[in-house]
Amino acid sequence: MIYPIYVYGSSVLREDARDVPQDYPELKQLVADMFETMYASSGVGLAAPQIGKPLRLFVVDASIYADEEPSLADFKRAFINPEIVEESETGVVMSEGCLSLPGLNEDVLRPESIRIRYMDEDFNEREEELDGFAARVVQHEYDHLEGIVFTDRLSPIRKTLIRSKLNAMGKGRFSAKYKTRQEK
Ligand code: NI
């Protein structure tokens, strides 16, 4: 099932997501639906709050970038109840976009590498170190679980420059090639 994607201005994007209980009903179906929704909108990551569910869960599939970064070939995962346990002091700037902020791309500074602990779909605990594009996508999605969107991380001057665009988006003036929803 393809879910509509909640757009900037929706209150669910600003909530602190709650842990997914191990007995959450139809969790595997939800994960499968999130992958389907992400592919349908050509995204490489999607967090549960973006489909209106304030849960600590996100999916990523960056395998389309394997040509540039071979290690991404199998970088397809569901992250349940993740915690970033370490981040590098070195930062790196990369351009980001977000399905919940259609039409916006901005350079964002974030740690270059991270260590993350999470549960997989079978609720097995996993821990891994990520860098490059994988670390980037995961940090972006992780922010969604804390009610943060990437524009929150821009410099004050960039924020000022895009303020009118964001205000318009928050009022429903945006266009996207996928199904969206906006709920205050
Ligand atoms: Ni996003």
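So, how was this worked out
- Residues numbered from 1 in each chain as written.
- Predicted model: local features only at pLDDT ≥ 70, side-chain atom pairs only at ≥ 80, totals over all residues.
- Heavy atoms only, no water.
- Donors = N, O, S within 2.8 Å, 3.2 Å for Na, K, Ca; no water.
- Helix = DSSP H or I, 4+ residues; strand = E, 2+ residues; numbered from the N terminus.
- Phe/Tyr/Trp six-rings, centres within 6.5 Å; stacked < 30°, edge-to-face > 60°.
- Buried < 20%, exposed > 50% of the residue type's maximum accessible area, 1.4 Å probe, protein only.
- Salt bridge = Lys/Arg side-chain N within 4 Å of Asp/Glu carboxyl O.

**Student:** Would you mind going over the coordination of the nickel ion in detail, with residue names and values included?
**Tutor:** Any two of four tetrahedral donors ideally make an angle of 109.5 degrees at the metal, while pairs among six octahedral donors ideally make 90 or 180 degrees. Coordination of the nickel ion by the protein is provided by Cys98 (SG), His140 (NE2) and His144 (NE2), with metal-donor distances spanning 2.1 to 2.2 Å. Each donor residue of the nickel ion belongs to the same chain, with the gaps between them written as C-x41-H-x3-H. Residue Cys98 is located in the loop between β5 (91–96) and β6 (106–111), and its partner His140 is located in helix α2 (residues 132–145); the two are separated by 42 residues in the primary sequence.

**Student:** Hey, could you go over the packing of aromatic side chains for me, with residue numbers and the actual values?
**Tutor:** The geometry of an aromatic ring pair comes down to the distance between the two centres and the angle between the two planes. With the rule as written, the count across this model stands at 4 aromatic pairs. Arranged with centres 6.1 Å apart and planes meeting at 25°, the rings of Phe35 and Tyr39 form a pair that is stacked. Of the two residues, Phe35 and Tyr39 are both situated in helix α1 (residues 27–40); the distance of 4 residues between them amounts to about one turn of the helix. The buried category is assigned to Phe35, whose relative accessible area is 9%. A ring pair is formed by Phe79 and Tyr118, whose centres lie 4.3 Å apart and whose planes are at 50°; its orientation type is tilted. In this pair, Phe79 is assigned in strand β4 (residues 76–87) and Tyr118 in strand β7 (residues 113–119), connecting sequence segments 39 residues apart.

**Student:** Describe in detail the pattern of salt bridges, supporting the description with residues and values.
**Tutor:** All told, the structure shown has 15 salt bridges when counted by the stated rule. Note that Arg110 is salt-bridged to Glu96, the shortest N-O span being 2.7 Å. Remark: Glu96 occurs in strand β5 and Arg110 occurs in strand β6; sequence separation between them is 14 residues. Among the ionic pairs, Asp120 bridges to Arg126, the shortest N-O distance being 2.8 Å. Using a relative accessible area of 11% as the deciding quantity, one classes Asp120 as buried. Judged by relative accessible area, Arg126 falls into the partly exposed class, the value being 41%. Salt bridges here are not isolated pairs; linked through shared partners, they connect Glu96, Arg110, Arg136, Asp143 and Arg153.

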